[in-house]
Amino acid sequence: MINRILIRIKVVQILYSYLLSRNEFRIDAAPDNPTRDRRFAYAVYLDMLLLIQELSGIRTNVAGALAPAEPDRKLATNRVGRALASNDALKAITARDRADYDLLRPVMGELAAAITSSAAYGDYSRRRSRDLDEDVRFWVVMLETTILKSPALTQALRANPDFSLTGLHHGIYAAAETLRSYNDSRAAVEKARRDLQASLDKARDLYYALLALIVDITDELAYRQETAKSKYLPTSADLNPDTRMVDNRLARFLADEPELQAYLKDHPADWAADAGLLGSLLDLILASDTYKAYMEAPATDWAADCEFWRDVMRHVVLPSDALAEAMEAKSVYWNDDINIIGTFLLKTLRRLGQSPEGEAAADTFLPQFKDEEDAAFGARLFDFAVKGREQYRADIDRFISADWDPERLAFMDMVIMITALAEVVNFPAIPIPVSLNEYIEIANAYSTPRSGAFINGILYSVIREMVEQGVVLKPFGTAAPSPEKDR
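About the cut-offs
- Residues numbered from 1 in each chain as written.
- Predicted model: local features only at pLDDT ≥ 70, side-chain atom pairs only at ≥ 80, totals over all residues.
- Heavy atoms only, no water.
- Core = buried A, V, L, I, M, F, W, Y, C linked by side-chain atoms within 4.5 Å.
- Buried < 20%, exposed > 50% of the residue type's maximum accessible area, 1.4 Å probe, protein only.
- Salt bridge = Lys/Arg side-chain N within 4 Å of Asp/Glu carboxyl O.
- Helix = DSSP H or I, 4+ residues; strand = E, 2+ residues; numbered from the N terminus.
- Axes fitted to C-alpha atoms, helices over the stretch in contact; angles between N-to-C directions.
- Parallel < 35°, antiparallel > 145°, perpendicular 65-115°, else oblique.
- Left-handed = near helix turned anticlockwise from the far one by under 90°.
- Contact = heavy atoms within 4.5 Å.
- Nonpolar A, V, L, I, M, F, W, Y, C, P; charged D, E, K, R; others polar.
- Expected span 1.5 Å × (residues − 1).
- pLDDT = per-residue confidence, 0-100.

Caption draft 1: View of the nonpolar core. Leu-213, Ile-217, Met-245, Trp-271, Ile-285, Trp-309 and Met-313 are the most contacted members of the largest nonpolar core, which totals 105 residues. Of all hydrophobic cores here, the second largest spans 45 residues; its members include Ile-52, Leu-55, Leu-111 and Val-140.

Below is the structure:
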């Protein structure tokens, strides 16, 4: 019962949380009351982190910094430089403390040549595809071997009055440790993947919990009617209640259905523990026109009983504030899931009503995913977004700086665009217009009022360029209606 629309929403939500909370580099703070060696070591430490950025072709925010005119192509594609450049803590420190970075200017070309002529660079450059771990390991090796042993670097830094070989070694090793800390973020990525799967599982729980809610509301009415018989001076209506709703065939079917009850045994909905909720929902139902029409009908059958609950869930229960409050207490995901899962609940009730009573098919309840491809879609999309986010961010930034005020950019907008580009680039079977439309809808629902138009403009420009450059190998035109809407 989970379609790709909901999967996309959940990937965006989990990616937003992951990117917002991640701390991929542990940037060292300046030492308190440093000795001469420690002061110089910290200066070298910052110099090395800046050097990696500049050798990757990224201009830093430091006075005197000078990136090579033609950065090496392989170094320019290494993601570590871009990741360092996007680290706000590092940018703030280097903008304040690194006015003497021009000491490295004269040896920038020599260092670049030493790196690109090393055996480690040869091995690295021959790899047809490289993951982030390999990018990190490459720069760690360069720092601890080629750069550390460079006579040109040592000579250049001797111009610093605090120079010491001890400080030089400590500073370079500290920079290498900061790069290694980037790998520690893998634990955060794994946690985000688990959170994504948990949120998808919670959506399935909601589907079954809503089916169970029909049974619990019916039981609440039965309890109410039975209690009324025992009250002081019961009325004739109390003693002889109309039990049409209590005897509703669908509610009885769900109460005894083996698959539903087995699922609820392992994943209890616990609506019955909230008598206030059940009472509030029952009062809304009893006051509704749907209930009145159902009770006044000359007779009912299986189809009518199913249609009654379909109408009640659609018009009374699902839109109610009482349900929204209860879901918020049960799961942080459910209020975001209710619109889509509610649609699948109504679809299930319609299918039940169309089948003969007592002959519900084996596929009465919808599977968690349509097929194996959909089951893998969320995790794959998340991984592609995480791995490609620096490149996608760079692609997006070019068009933002040209056509938009960067101050208008909400962080959620950037997350949505990164996810959209990950899908467009890595899922060739999904038409570009389908991806564009879905993420524009997500932006309209989850970001600022103007985000849909903003994202549409930026994504259109970035994707058009990707198609022209051959990065995306599918047509950028109007697509036929996509079956994804039915998933």
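Caption draft 2: Molecular detail of the pattern of salt bridges. Scanning the entire structure with this criterion turns up 24 salt bridges. The residue Arg-127 makes a salt bridge to Glu-134 at a minimum N-O spacing of 2.9 Å. Residue Glu-134 is classed as buried on the basis of its relative accessible area of 14%. For the salt bridge of Glu-465 with Arg-398, the shortest nitrogen-to-oxygen distance reads 2.2 Å. With a gap of 67 residues between them, Glu-465 in helix H23 (residues 451–469) and Arg-398 in helix H20 (residues 372–403) connect regions that are remote in the sequence. Assessed through its relative accessible area of 39%, Arg-398 is described here as partly exposed.

Caption draft 3: Structural detail: the packing of helix H22 (residues 432–446) against H23. Contact pair H22 / H23: the axes reach a minimum separation of 9 Å and the direction vectors enclose 155°. Between H22 and H23, the angle is such that the two are roughly antiparallel. Like other packed secondary-structure pairs, H22 and H23 cross with a definite hand, here right-handed. In this structure, H22 uses Ile-432, Leu-436, Ile-440, Ala-443 and Asn-444 to contact H23, whose residues at the interface are Ser-451, Gly-452, Ile-455, Asn-456, Leu-459, Ile-463 and Val-467. Along the lines of polarity and charge, the residues of the contact of H22 with H23 split into eight nonpolar, four polar and no charged.

Caption draft 4: Representation of helix H8 (residues 132–147) within the structure. Over its 16 residues, H8 runs 21 Å from end to end, which matches the ideal 22 Å to within 8%, given 1.5 Å per residue. All of the buried residues along H8 are Asp-133, Glu-134, Asp-135, Val-136, Phe-138, Trp-139, Val-140, Met-142, Leu-143, Thr-146 and Ile-147.

Caption draft 5: Structural detail: the confidence of the model for the protein. In the predicted model, the protein carries a mean pLDDT of 88, and the fraction of residues at 70 or more is 90%. Note that residues 478–487 has pLDDT below 50 and, in this model, 16 contacts with residues that lie over four places away or in other chains.

Caption draft 6: Spotlight on unusual backbone geometry. For Leu-233, which is not a glycine, the phi torsion comes out positive at approximately 55°. By the secondary structure assignment, Leu-233 is in the loop between helix H11 (185–229) and helix H12 (236–239). Non-glycine residue Asp-270 carries a positive phi angle of around 60°. Turning to its location among the elements, Asp-270 is positioned in the loop between helix H14 (258–266) and helix H15 (275–286). On the basis of relative accessible area, Asp-270 is assigned to the partly exposed category, the value being 47%.

Caption draft 7: Structural view of the packing of helix H13 (residues 249–256) against H14. Two elements in contact, H13 and H14, have axes separated by 5 Å at closest approach and are oriented at 55°. It follows from the interaxial angle that H13 and H14 lie oblique. Judged by residue contacts, Leu-254, Ala-255 and Asp-256 of H13 engage Pro-258, Leu-260 and Gln-261 from H14. Here the residues of the contact of H13 with H14 sort into four nonpolar, one polar and one charged.

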